[in-house]
Amino acid sequence: MAKLATWILLGTGLAFLGQKFVTFREKMNASREVVPVELQNCHLIEKLENGSEDIDILPSGLAFISTGLKYPGVPDFAPGETGKIFLIDLNEQVPRAQALKISGGFEEALFNPHGISTFIGKDGTVYLYVVNHPLLESTVEIFKFEEQQRSLTYLKTIKHELLKCVNDIVVVGPEQFYATRDRYFASFPLVLLEMFFDLHWTYVTFYSPSEVKLVAKGFGTANGITVSPDQRYIYVADIRDKKIYVMEKHENWDLTQLKVLQLETLVDNLIVDPTTGDIWAGCHPNLFKLMHYNPEDPPGSEVLRIQNVLADKPTVSTVYANNGSVLQGSSVAAVYNGKILIGTVFHRALYCVL
Ligand SMILES: [Ca+2]
Ligand SMILES: [Ca+2]
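Just so you know, these numbers come straight off a predicted model, no measurement behind them.

### Structural notes on the overall build of the protein
No. 1: Assigned secondary structure in the protein consists of three helices and 25 strands.
No. 2: For 354 residues, the compact-globule estimate of 2.2 N^0.38 gives 20 Å, and the C-alpha radius of gyration of the protein, at 20 Å, lies within 12% of that figure.
No. 3: Out of the 354 residues belonging to the protein, those deemed buried represent 43%.
No. 4: Counting contacts in the protein only where the partners sit at least 6 residues apart, residues at least 24 apart contribute 52% of the total.

Encoded structure:
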């Protein structure tokens, strides 16, 4: 009798794990092959060969790009190289990428930039906030952009108990920002378990020098975050659940959920076009391929444009999709004046005229 009970228990356990694995593969879109959608007049940008995970474009057309991300579970083709912030002027006929020098005593040897966000002060000073993972910890670095010299001056580092495993940030005031946590556990085997068992333990934090608090929780893997042009709504991507949350932002910085968009692809970073309010999303058509990198069958890229996000039926269109033959692991797409810049987690960056 005891033996039978053991077999039943074992069988149930295996069936449970098998079901979890099937669900995990479905969530990662493991069987999905991307249907190509081409753009005209595209070229890969020279010097950006080691990731371009996040992009932020100033109203003047200058784009900041974070490169060289090292992150558990992500391929790394340049193990010895430290991360950098590059600048591209999208007004140029053939935009060139230039690495920004950093002054002010910043420890560049440990620079591992991830999500970024710009903020323009009342006096016109441009600040660049960067999620950094020195030794795989999480900090937020604040730099001042020196436009004449095309360089960054390091100002300060922010660390906080509620700023762990940070993926992206959006700055909403002087030293005030929202940040996403993309995993509960820091070590990669535990992250896999977290995904495998579909835990929803990640969240959004609001940070200011006087108050730090959780403002939204229960995400599978909170990832990209941005704000609407009128500053009323915060958009949060849950990459694992293939969702974009529209959150209402209140005077006390709390967020309440207004609506959720269910998509069919794994959404990474979000950028809002300041002129139209459209959301541009860098997406992973098949995240399984990114996590089990195989150069013979690489992960693809996909860019979505979401128009009228507040309407009953927003328009979602695929602007670009590639099976990895050109661009692998797209994480962000930003537009400026009829041009688009598509960045990736670990691969190259593509520039196209729309
Ligand atoms: Ca960002
Ligand atoms: Ca991201």
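### Section: the pairing of strand β15 (residues 222-227)
No. 1: Across the six residues of β15, six count as buried, placing the element largely inside the fold.
No. 2: Pairing between β15 and strand β16 (residues 233-238): four bridges, direction antiparallel. Following the sheet pairing, Val 227 is matched in β16 by Ile 234.
No. 3: Between the end of β15 and the start of β16, which pair antiparallel, lie five residues, with Gln 231 showing a positive phi angle near 65°.

### Concerning the sheet that holds strand β14 (residues 212-219)
No. 1: One open sheet accounts for four strands, arranged β11-β12-β13-β14; its pairing is antiparallel. Of all the strands in the sheet, just β11 (166-173) and β14 have a single pairing partner and so form its edges. Direction aside, neighbouring strands of the sheet carry axes that sit 20° apart on average.
No. 2: Summarising the sheet, strand β13 (residues 202-207) and β14 pair through six bridges and their orientation is antiparallel. From the neighbouring strand, Val 204 faces β14, where its bridge partner is Ala 216.

### So, the UniProt feature "signal peptide" (unreviewed entry) in the protein
No. 1: Per the UniProt annotation, the sites labelled "signal peptide" (unreviewed entry) are residues 1-15.
No. 2: Between the end C-alpha atoms of residues 1-15 there is a gap of 21 Å, over a span that is 93% helix and 0% strand.

### What about the UniProt feature "glycosylation site" (unreviewed entry) in the protein?
No. 1: Within this structure's numbering, the places UniProt gives as "glycosylation site" (unreviewed entry) are Asn 323.
No. 2: By the element assignment, Asn 323 lies in the loop between β22 (315-322) and β23 (330-336).
No. 3: Overall, Asn 323 belongs to the partly exposed group, with 19 C-beta atoms counted inside 10 Å.
No. 4: Discounting chain neighbours no more than four positions away, the residues touching Asn 323 are Glu 33, Val 34, Pro 36 and Gly 300.

### Considerations on helix α1 (residues 2-27)
No. 1: Over its 26 residues, α1 runs 37 Å from end to end, which matches the ideal 38 Å to within 8%, given 1.5 Å per residue.
No. 2: Of all the 26 residues making up α1, one are buried; the element is thus mostly uncovered.

### Some remarks on the nonpolar core
No. 1: Of all hydrophobic cores here, the largest spans 83 residues; its most connected members are Ile 169, Ala 281 and Ala 334.
No. 2: In this structure, Ile 169 is in contact with Gly 115, Ser 117, Tyr 129, Val 131, Val 140, Phe 177, Tyr 178, Ala 179 and Ile 225, ignoring residues within four places of it in sequence.

### A few points about the sheet that holds strand β19 (residues 266-272)
No. 1: Reading across from one edge, β19-β20-β21-β22 is the order of the four strands in this open sheet, with antiparallel pairing throughout. Edge positions in the sheet fall to β19 and β22, since each has one partner strand and no second. Strand-to-strand twist across the sheet, computed as the mean angle between neighbouring axes with direction ignored, equals 25°.
No. 2: Summarising the sheet, β19 and strand β20 (residues 279-284) pair through five bridges and their orientation is antiparallel. Bridge pairing in β20 links Leu 270 to Ala 281.

### With respect to unusual backbone geometry
No. 1: Unlike most non-glycine residues, Arg 150 shows phi in positive territory, near 50°.
No. 2: Inspection of the secondary structure assignment puts Arg 150 in the loop between β9 (139-146) and β10 (151-158).
No. 3: For Arg 150, a count of 14 C-beta atoms within 10 Å puts it in the partly exposed group.
No. 4: Phi at Asp 198 takes a positive value of approximately 55°, unusual for a residue other than glycine.
No. 5: Examined against the element boundaries, Asp 198 turns out to sit in the loop between α2 (188-196) and β13.
No. 6: Given 13 C-beta atoms within 10 Å, Asp 198 falls into the partly exposed group.

### As for the environment of Phe 346
No. 1: In this structure, Phe 346 sits in the loop between β24 (339-344) and β25 (350-353).
No. 2: Setting aside residues up to four positions removed in sequence, Phe 346 forms contacts with Gly 51, Leu 69, Val 74, Pro 75, Asp 76, Phe 77 and Gly 329.

What counts and what doesn't
The residue numbering used here restarts from 1 in each chain and proceeds along that chain's sequence as written. Chains and ligands are labelled sequentially in the order written, the chains with letters from A and the ligands with numbers from 1. Only residues with pLDDT of at least 70 get local features here, since the model is predicted, and only at 80 or more are side-chain atom pairs given and counted; chain-wide, interface and lining totals rely on the full set of residues. Secondary structure elements are defined from DSSP: runs of H or I of at least 4 residues count as helices, runs of E of at least 2 residues count as strands, and each element is numbered from the N terminus. Only C-alpha atoms enter the radius of gyration; for comparison, a globular chain is expected to reach 2.2 Å times N to the power 0.38, where N is the number of residues. Counting other C-beta atoms within 10 Å of a residue's C-beta gives its exposure: the residue is buried at 20 or more, exposed at 12 or fewer, and partly exposed in between, where C-beta atoms are placed from the backbone. C-beta atoms are first placed from the backbone for all residues, and any pair lying within 7 Å is then listed as a contact. Two strands pair under a simple rule: DSSP has to find at least two bridges between them. Note on geometry: axes are C-alpha line fits, over the in-contact stretch for helices, and angles between N-to-C directions span 0 to 180 degrees. UniProt positions are given in the numbering used here, feature names are shortened, and annotations may be inferred rather than shown by experiment. Any helix carries an expected span of 1.5 Å times its number of residues minus one. We define the nonpolar core as any set of buried residues of the types Ala, Val, Leu, Ile, Met, Phe, Trp, Tyr and Cys, connected via C-beta atoms lying within 7 Å of each other.

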